[in-house]
Amino acid sequence: MHKFNRRHVLASLGMMGGSALLSGCGRQGPDLSISAKEIDGSQTAGGHSAVAEETAQPASQAVQQLASGQQDWTYLPLDPERVGQLAYDIYPKGSCMYSVVGSVIMQAAEKVGEPFRSFPIDMMRFGAVGIGGWGSTCGVVNGCCALIGLFHSGLEIRQKREELMADICLWYESASLPNFQPENPAQDVEIASSVSQSVLCHVSSGAWCKASGCDAFSIERRERCRRLSAEGAVKVVEVLNAEANGQLREFVDITPEVHSCNECHGKAGQADSLGMMNCMPCHQFETAHP
Ligand code: HEC
Ligand code: HEC
């Protein structure tokens, strides 16, 4: 397809502010170390080349020791329903991200003991309400992806890791949630479900408030996030189990719409936008675009 040239577009809009506007920002050249090149070459779920953030510096001995890992974090399949119920139960002790990560680590600790027993799950409280109350990445998404990062941590398996995380993110954006039914609900009420369209806590909780008619500080909203956390724990265990059992993954992809946005704005196009999250909650165009 025809690729728009930013310089031409800007010039035709009379916005060309001189060459300084576009100079001084090089792309990473061929002088990268082999390992960084390998990282850069990995393809993400959306088919876009991932950006290399790693530097070409050789790892220090200390880093090598850390990265080689003294402990065995191998994942053994867990019972999704049990983990989900546990996530629901421990939610009051630390909110969304804590409940997702904690439930899986606790079940793994019960099954295999160390090193899971020593995992610092308390640190996961930082993820509450989109990271410390900022409404950014939903703690359910963050927690699921932290677990995928723990169990699929290798430098050389970036593509696999990102595919698994994309399974979580695309599920979270597009599914009508929550549906989880706890055994002993803290709030025994009907909880509406909604499609978030976004991995962001702010957008997701807002969509739910609209669907339910409840406000963002209501006990229903809290119960919704509690059930959503349980459902996230179920989901990530299903993803991890399938992977551990060598099951063939169903390929999930970003929507055709986001693909088309990234064709023009991503790495191979104007390269002025990073990311694969659904663009539409934030960018809507009244007239034909561009
Ligand atoms: C056919 C190529 C093309 C496609 C497809 C495309 N864009 Fe653009 N977009 C452009 C061009 C050209 C500009 C204007 C030049 C610039 O700002 O770099 C632009 C500008 C923008 C801007 C900044 C200016 C504005 O109007 O707000 C945003 C935001 C944007 N696009 C988002 C999107 C999103 C989201 C999608 C997918 C729904 C999308 N674009 C699809 C080519 C495209
Ligand atoms: C959570 C909200 C959000 C989402 C989701 C989002 N954007 Fe944006 N985007 C922004 C904001 C905020 C800006 C900055 C707006 C400004 O500069 O006026 C921006 C700016 C841009 C620009 C203009 C960059 C420039 O050079 O001026 C482009 C292009 C763009 N976004 C494309 C996308 C595409 C493509 C997607 C989906 C893959 C996307 N955005 C998803 C919020 C979002």
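A brief look at the structure comes next. The model shown is predicted, which means the values in this text are computed figures rather than measured ones.

We now examine the environment of Glu 238. Its place among the elements puts Glu 238 in helix 9 (residues 219–244). When its relative accessible area of 40% is taken as the criterion, Glu 238 is described as partly exposed. Glu 238 sits 160 residues away from Leu 78 along the chain, and the two C-alpha atoms are 8.5 Å apart.

Just one protein atom donates to the iron atom of ligand 2; it is His 283 (NE2), sitting 2.0 Å from the metal. As for its position among the elements, His 283 is in the segment after helix 10 (256–265).

So, about empty space enclosed by the protein. By the definition in use, this model includes 1 cavity of 30 Å³ or more. Taken as a whole, the largest cavity spans an internal volume of roughly 30 Å³. Taken together, Tyr 172, Leu 177, Ser 194, Ser 196, Ser 204, Arg 224 and Leu 228 form the lining of the largest cavity. Of the residues that constitute the lining of the largest cavity, the class distribution is 3 nonpolar, 3 polar and 1 charged.

The immediate surroundings of ligand 1 are formed by 15 residues, with Cys 261, Cys 264, His 265, Gln 270 and His 289 found nearest. For ligand 1, an oxygen atom lies 3.1 Å from a polar atom in the side chain of Gln 270. Asp 272 is positioned with one of its side-chain polar atoms (N or O) 3.5 Å from an oxygen atom of ligand 1. Of all the elements in the fold, those that place two or more residues in the shell around ligand 1 are helix 1 (6–12) and helix 10. Considering each element in turn, the shell around ligand 1 owes the most residues, 4 residues, to helix 10. Residue classes in the shell around ligand 1 are distributed as 8 nonpolar, 5 polar and 2 charged.

What counts as what
- Residues numbered from 1 in each chain as written.
- Chains lettered and ligands numbered in written order.
- Predicted model: local features only at pLDDT ≥ 70, side-chain atom pairs only at ≥ 80, totals over all residues.
- Heavy atoms only, no water.
- Helix = DSSP H or I, 4+ residues; strand = E, 2+ residues; numbered from the N terminus.
- Buried < 20%, exposed > 50% of the residue type's maximum accessible area, 1.4 Å probe, protein only.
- Donors = N, O, S within 2.8 Å, 3.2 Å for Na, K, Ca; no water.
- 1 Å grid on protein atoms, 1.4 Å probe; cavity = no way out; pocket = protein on both sides within 12 Å on 5 of 7 lines; lining within 4 Å.
- Points joined across faces, edges and corners; volume = space filled by probe spheres on them.
- Nonpolar A, V, L, I, M, F, W, Y, C, P; charged D, E, K, R; others polar.
- Near = heavy atom within 4 Å.
- Polar contact = N/O pair within 3.5 Å; in protein donor to acceptor, adjacent residues only side chain to side chain.

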